[in-house]
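Tertiary structure, described
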Amino acid sequence: MTEEASEVVLSKRDLREVTAFAAACAEVVLEIFEADQPGDSRPRDAVGAAWEFARGGERGKSLRDTASAALKAARSADTAAAREAAWAAMSAAGAAYLHPLAKATQVKHILGAAAYAARAAELLAGDDRGVGVEHLERTVQRATVVVVDVLKRFPAAPGGGGRVGELMRMLDADLRSRTLTE
């Protein structure tokens, strides 16, 4: 017998705010990918598409296509840091597709770009985990009241996922513990 997830109410404003948060998180590490793969704009295009949706654009095929292209760009990266940066961009574009199901896996749509970006920063610094923690501390400042409210509608981030999963759970716990006001 499988357990069905309850539905979470999400407005278009909620989706736009989550996507803007994810785009801002991914944007700060685009240079890591671009230093590794100059001339490959696929991750930047994915972040641009995320921003376009966040600012009122449509959630359509081009958004999905740029996310897919950023994923392919990650596979072409020469360094692990660049790969994580491209995954952050892919996650930013994918944030617009947060599903209204109360499942822990949906938290990846909200916090995935931030976790991948923190991991990219760590790897760029020689796998310095302190850099990732500092990156997450700055990320918390990007989270709006709406982003935190949306996050709290879902179960806590799931287990697993290696270091990126660990970073996501750290960020999840920090954001859930905050009381923000507009």
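In what follows, the structure referred to is the one given above.
Our subject in this report is the structure included herewith. Since the structure is predicted, the reported quantities are computational estimates derived from the model, not experimental observations.

Rules used in this analysis
Residues numbered from 1 in each chain as written. Predicted model: local features only at pLDDT ≥ 70, side-chain atom pairs only at ≥ 80, totals over all residues. Heavy atoms only, no water. Helix = DSSP H or I, 4+ residues; strand = E, 2+ residues; numbered from the N terminus. Buried < 20%, exposed > 50% of the residue type's maximum accessible area, 1.4 Å probe, protein only. Contact = heavy atoms within 4.5 Å. Axes fitted to C-alpha atoms, helices over the stretch in contact; angles between N-to-C directions. Parallel < 35°, antiparallel > 145°, perpendicular 65-115°, else oblique. Left-handed = near helix turned anticlockwise from the far one by under 90°. Polar contact = N/O pair within 3.5 Å; in protein donor to acceptor, adjacent residues only side chain to side chain. Salt bridge = Lys/Arg side-chain N within 4 Å of Asp/Glu carboxyl O.

1. Comments concerning the environment of Ala 24
By the secondary structure assignment, Ala 24 is in helix H1 (residues 12-27). What makes Ala 24 buried here is its relative accessible area of 17%. Separated by 56 residues in the primary sequence, Ala 24 and Ala 80 have C-alpha atoms spaced 21 Å apart. Contact partners of Ala 24, with chain neighbours within four places excluded, come to Trp 51 and Arg 142.

2. Re the packing of H1 against helix H3 (residues 42-54)
Direction vectors running N to C along H1 and H3 enclose 150°, while the axes themselves pass 8 Å from each other. The pairing of H1 with H3 is recorded here as roughly antiparallel in orientation. The crossing of H1 and H3 is left-handed. Touching Leu 15, Arg 16, Thr 19, Ala 20, Ala 23, Ala 24, Ala 26 and Glu 27 of H1 are Val 47, Ala 50, Trp 51, Phe 53 and Ala 54, all from H3.

3. Thoughts on the side chain of Arg 16
Checked against the element boundaries, Arg 16 lands in helix H1. Polar contacts involving the side chain of Arg 16 include one to the main-chain carbonyl oxygen of Gly 57, which spans 3.0 Å.

4. So, the environment of Leu 15
Looking at the secondary structure, you find Leu 15 in helix H1. Taking the relative accessible area as the measure of exposure, Leu 15 reaches 10% and is therefore buried. In the structure, Leu 15 is positioned 131 residues away from Val 146 in sequence and 9.6 Å away in space, judged by C-alpha atoms. With residues near it in sequence (within four places) discarded, Leu 15 still touches Leu 10, Phe 53, Arg 59, Ala 96 and Leu 98.

5. Examining the pattern of salt bridges
This model, assessed by the stated rule, comprises 13 salt bridges. Across the salt bridge formed by Glu 17 and Arg 13, the nearest N and O atoms sit 3.9 Å from each other. Of the two residues, Glu 17 and Arg 13 both sit in helix H1, 4 residues apart, roughly one turn of that helix. A relative accessible area of 22% means that Glu 17 is categorised as partly exposed. In this structure, Glu 122 and Arg 119 form a salt bridge, with 2.7 Å as the shortest nitrogen-oxygen distance. One end of the pair, Glu 122, and the other, Arg 119, are both in helix H6 (residues 107-124), 3 residues apart, so they sit about a helical turn from each other. Taken individually, Glu 122 and Arg 119 each receive the classification buried, so the pair is uniform in this respect. Bridged by salt links that share partners, the residues Arg 119, Glu 122, Asp 127, Arg 129, Arg 163 and Glu 166 form one connected network.

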